[in-house]
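# Survey of secondary and tertiary structure
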Amino acid sequence: MANISTAHPHAWLPALSAVSPEIRDWLQYRGSLTRRIQERCAQFYVEPVFQELAHVYGDEWIKMKLRPHELALVREVYLYCCDKPVVFAHSIVPHKDLRGAWRTLNGLGNRSLGSMLFTNPRVRRTPLEFKKVSSGHFLYDRAVLRLTDSPSHLWARRSLFTLQGQSILVTEVFLPDILNLTL
């Protein structure tokens, strides 16, 4: 495992450093992020913004053990509290797995993926990985599309969820208004 202080600057990290306690608590939470936001929000909703077969970005194809040009279902949504986006979620599942464990993903619509992942006791989650993203990184550039002001950086986390030997990679980018939800 790479030493965090000497890790490649574009690497996903297994632990957090130099993060405020407020955002750290959100980033390290391993339960249902949807449920946690709903508990702190009078009006929660999911806005799907992209869902189709596509090529995956950067190191995602390596993480998912895909061939470089293999297609996957890419789903992107914003999680809202009232009228403020608080999380941008980017998920990928290999095309071949849409007939297997993740076949119900196509029918999620405006429901959160968490409603499916955290209600099935057979779904297993890998340890979280973390990354600070800024302008020029695809996650940052996609996440800030619904923001009126773009911060200098955003924190993201990702992990694999596995069911019946098939995985889905879920990445969540935490938007500034997440800090307005009291813990």
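Rules behind the numbers
- Residues numbered from 1 in each chain as written.
- Predicted model: local features only at pLDDT ≥ 70, side-chain atom pairs only at ≥ 80, totals over all residues.
- Heavy atoms only, no water.
- Core = buried A, V, L, I, M, F, W, Y, C linked by side-chain atoms within 4.5 Å.
- Buried < 20%, exposed > 50% of the residue type's maximum accessible area, 1.4 Å probe, protein only.
- Helix = DSSP H or I, 4+ residues; strand = E, 2+ residues; numbered from the N terminus.
- Contact = heavy atoms within 4.5 Å.
- Disulfide = S-S within 2.5 Å.
- pLDDT = per-residue confidence, 0-100.
- Polar contact = N/O pair within 3.5 Å; in protein donor to acceptor, adjacent residues only side chain to side chain.
- Phe/Tyr/Trp six-rings, centres within 6.5 Å; stacked < 30°, edge-to-face > 60°.
- Lys NZ or Arg CZ within 6 Å of the ring centre and 35° of its normal.

Looking now at the nonpolar core. Grouped together as the largest cluster of nonpolar side chains are 22 residues, with contacts concentrated most on L27, I37, V87, F174 and I178. Breaking this core down by element, the ones donating at least two residues are α1 (21-28), α2 (33-39), β1 (44-54), β2 (72-81) and β3 (84-94). V87 has contacts with L33, I37, V77, Y78, L79, E172, V173, F174, L175 and I178, leaving out every residue within four places of it along the chain.

So, on to the state of the cysteines. Under the definition given, this model contains one disulfide. The disulfide partner of C41 is C81, and the S-S distance across this bridge is 2.3 Å. On the sign convention where negative means left-handed, the S-S torsion of about 115° between C41 and C81 marks this disulfide as right-handed. On the criterion of sequence distance, the pair formed by C41 in the loop between α2 and β1 and C81 in strand β2 is long-range, its members being 40 residues apart. Looking at C81, the relative accessible area reads 10%, which means it is buried. Unpaired in this structure, C82 has its nearest cysteine sulfur neighbour in C81, at a distance of 4.3 Å. Since its relative accessible area comes to 31%, C82 is described here as partly exposed.

What follows concerns the confidence of the model for the chain. Taken over all residues, the pLDDT of the chain has a mean of 89, while the share at 70 or more is 94%. pLDDT under 50 marks residues 1-7. Its contacts with residues more than four places away, or in other chains, come to six contacts.

Considering the arrangement of structural elements, one finds R157 in strand β6 (residues 154-163). Exposure remark for R157: the relative accessible area of 0% places this residue in the buried category. Here L27 takes part through its backbone oxygen, which lies 3.0 Å from a polar atom of the side chain of R157. Of the polar contacts made by the side chain of R157, one reaches the backbone oxygen of Y29; its length is 2.5 Å.

The tally for this structure, following the rule as stated, stands at five aromatic pairs. Aromatic side chains Y57 and F138 sit 3.8 Å apart centroid to centroid with 10° between the ring planes, which places their arrangement in the stacked category. Taken together, the residues span a long stretch of sequence, with Y57 in the loop between β1 and α3 (60-63) and F138 in helix α5 (residues 138-143) at a distance of 81 residues. In this structure, R36 packs its charged tip against the face of Y29, placed 4.1 Å from the ring centre. Positioned above the aromatic ring of F50 is the side chain of R142, whose terminal nitrogen or guanidinium carbon lies 5.5 Å from the ring centre.

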